[in-house]
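In case you want the letters, here they are:
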Amino acid sequence: MFMSKFPQFLSCRRKAALLLLLILLLTLSLSCSKADDLIGASPEEKQDDKDSADPKKREEAMDYEALGVNEIGEIMILMYHEIGEPESTWCRTPDNFRKDLETLYAEGYRLISMNDLLDGHIDVPAGCSPVVLTFDDGTAGQFRYLEKKSGPVLDPHCAVAILEEFYAAHPDFGLAATFYIFYETPFGQAEYIQKKLSYLDEKGFEIGNHGYNHGNLRRLSPKEARRELALQVKRTRDYLPGYNVRSLALPYGERPEEMSYILEGNFEGTAYRNDGVLLVGANPAPSPFSLDYDPRALPRVRASEIDTDGMGLYDWLERLSDNPERRYISDGDPATVAVPEERAEKVDRYRLGDKTLIPYQTKSE
Ligand SMILES: [Zn+2]
């Protein structure tokens, strides 16, 4: 994927030397270590903690171009449904889900939550790319307890257990996912709804809106749609008092033309507000700092290898690797938005908030 265009005319020795350099650079960029490891190479600079704490000094010492920093690039919001057997269009096997996590990790992706994306709070190491995991429908394979004599035990092959296991082995990958659930029985075990929702909340996972009954919001009347959205929030708060459901995954990916009552409304005393609305297909989302970013219509990438029409997770991994200018690559500092100078005009200044924009010069262009 990376080395296919290697020049043919070079001598063997030069090839070998170049290859070595490439491998070195690759290892460096794939490990996408903390910004502090990559800036200020000289020991004197390293010793001076004040220097690295000063954003101005940090900015000067950081080689944005070498890291490929591009905080105006696109971000994959991955869409999963069932985790189980056998693999099918809307079902990922536990082993394939593990493979997805391994691949994302190796390719320099790190987890952020949906709410962090909506807040433009992107905190991943320099050289890494953020990725968001979403799970629709609250299926049993996403979160299951097994009945044991000693009591309920987390099924090691459900999505929650796989995520936690991966995180234990790779703490720098992060632990985040949003579960877009509907009622009456999210995750399929009526006796454990309270236990599961509390568990998710405690671990920092998020609950999103997927309608109370998975109703098609395009077909429902505004009043029925408000009921769908508000009752989901109300029921979630029955389990998690005060919980703030902040985003909506559109059931069937369907939405009405008029979106105002989808974004915000209330029904019988329960107010709801969707800061983000997620679609079903089929490409990465624009950076939250981009003029193209529209939180009312966030596209997602289907995490599947079946019937992907060139728009699945692995299609996009390859495309983003081959076209790094499209990919969001972090500078390791959530307080700054660093972009190649020639792309600075694509930044939505309004969305920067209190973040500092750093347009940097590139030598090659
Ligand atoms: Zn659904």
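Residues numbered from 1 in each chain as written. Predicted model: local features only at pLDDT ≥ 70, side-chain atom pairs only at ≥ 80, totals over all residues.

1. Some remarks on the overall build of the protein chain
Along the backbone of the protein chain there are 14 helices and 16 strands. Considering the protein chain as a whole, with its 365 residues, one finds that 39% of them fall into the buried category. Here the contacts in the protein chain between residues at least 6 apart in sequence split such that 66% fall between residues at least 24 apart. (Helix = DSSP H or I, 4+ residues; strand = E, 2+ residues; numbered from the N terminus. Buried ≥ 20, exposed ≤ 12 C-beta atoms within 10 Å, placed from the backbone. Contact = placed C-beta atoms within 7 Å.)

2. Some remarks on the confidence of the model for the protein chain
Across the protein chain, the average pLDDT comes to 89, with 83% of residues at or above 70. Across residues 1–12 the pLDDT falls below 50, and counting only partners more than four positions away or on other chains, this stretch makes six contacts in the model. Low pLDDT, under 50, characterises residues 34–51; the predicted model gives this stretch 25 contacts beyond four residues in sequence or across chains. (pLDDT = per-residue confidence, 0-100.)

3. Digging into the pairing of strand β7 (residues 151–154)
Here four bridges tie strand β6 (residues 145–148) to β7, and the two strands are oriented antiparallel to one another. When the bridges of β7 are listed, K148 appears paired with G151. Once β6 ends, the chain turns through two residues before running back antiparallel as β7. (Pairing = 2+ DSSP bridges.)

4. Observations regarding the environment of K195
In this structure, K195 sits in helix α10 (residues 193–203). Taking the C-beta count within 10 Å as the criterion, K195 has 14 such neighbours and is therefore assigned partly exposed. In this structure the C-alpha to C-alpha distance between K195 and Y239, which are 44 residues apart in sequence, comes to 8.9 Å.

5. Examining the nonpolar core
Ranked by internal contacts, the top residues of the largest apolar core, which has 80 residues, are I77, L78, V132 and A159. In this structure, L78 is in contact with V131, V132, L133, T134, R300, V301, A303 and L313, ignoring residues within four places of it in sequence. (Core = buried A, V, L, I, M, F, W, Y, C linked by C-beta atoms within 7 Å.)

6. So, the pairing of strand β12 (residues 270–273)
The side chains of a regular strand alternate between the sheet's two faces. As judged from the four bridges shared by strand β11 (residues 264–267) and β12, these two strands associate in the antiparallel manner. Paired with F267 across the two strands is T270, which belongs to β12. Taking the residues between adjacent antiparallel strands as the criterion, β11 and β12 are bridged by two residues, where E268 takes a positive phi near 45°.

7. Side note on helix α11 (residues 222–239)
Here α11 contains 18 residues, and its C-alpha end-to-end distance of 26 Å stays within 8% of the 26 Å for a straight helix at 1.5 Å per residue. All of the buried residues along α11 are A225, R226, R227, E228, L229, A230, L231, Q232, V233 and T236. If you follow the buried residues of α11, they end up packed against β9 (206–209), α12 (260–263), β11 and β12. (Expected span 1.5 Å × (residues − 1).)

8. Overview of helix α7 (residues 94–106)
An α-helical turn contains 3.6 residues, so a residue and the one three or four places further along point in the same direction. Taking 1.5 Å of rise per residue, 13 residues should cover 18 Å, and α7 covers 18 Å from first to last C-alpha, within 8% of that figure. Burial in α7 covers these residues: F97, D100, L101, L104 and Y105. One side of α7 carries all its buried residues, which in axial view fall inside an arc of 125°. Of the exposed residues in α7, those oriented more than 90 degrees away from the buried face are D95 and A106. Looking at the packing, one finds that the buried side of α7 touches β2 (82–83), β3 (91–92), β4 (109–111), β5 (129–136), α9 (159–169) and α13 (313–322). Where α7 ends, the next residue or the one after it, G108, has phi of about 90°, a positive value. (Arc of directions from axis to C-beta.)

9. What to know about the environment of S129
Along the chain, S129 falls in strand β5. On the basis of neighbour count, S129 is assigned to the buried category, with 26 C-beta atoms found within 10 Å. Linking S129 and I329, residues 200 residues apart in sequence, is a C-alpha distance of 4.8 Å. Each residue touching S129, except ones within four places of it in the same chain, is listed here: G108, Y109, R327, Y328, I329 and S330.

10. Considerations on the environment of R246
Within the secondary structure layout, R246 lies in the loop between α11 and β10 (247–249). In the structure, R246 is positioned 28 residues away from N274 in sequence and 5.0 Å away in space, judged by C-alpha atoms. If we ignore the near neighbours within four places in the chain, the residues touching R246 are N115, L118, D275 and G276.

11. Re the packing of α7 against α9
Two measures define how a pair of helices packs: the angle their axes make with one another and the distance between the axes. Between α7 and α9, the shortest axis-to-axis distance is 10 Å and the interhelical angle comes to 35°. The two elements α7 and α9 cross, and the hand of that crossing is right-handed. For the pair formed by α7 and α9, the contact residues are P94, F97, R98 and L101 on the first element and A159, I162 and F166 on the second. Of the residues assigned to the contact of α7 with α9, the class counts are six nonpolar, no polar and one charged. (Axes fitted to C-alpha atoms, helices over the stretch in contact; angles between N-to-C directions. Left-handed = near helix turned anticlockwise from the far one by under 90°. Nonpolar A, V, L, I, M, F, W, Y, C, P; charged D, E, K, R; others polar.)

12. Brief notes about unusual backbone geometry
Residue E184 follows Y183 across a cis peptide bond; omega there is 25°. Within the secondary structure, E184 is located in the loop between β8 (178–181) and α10. For the peptide bond that leads from G281 to A282, omega is -20°, which places it in the cis range. Examined against the element boundaries, A282 turns out to sit in the loop between β13 (276–278) and β14 (301–302). For D137, which is not a glycine, the phi torsion comes out positive at approximately 80°. Mapped onto the elements of the fold, D137 is located in the loop between β5 and β6.

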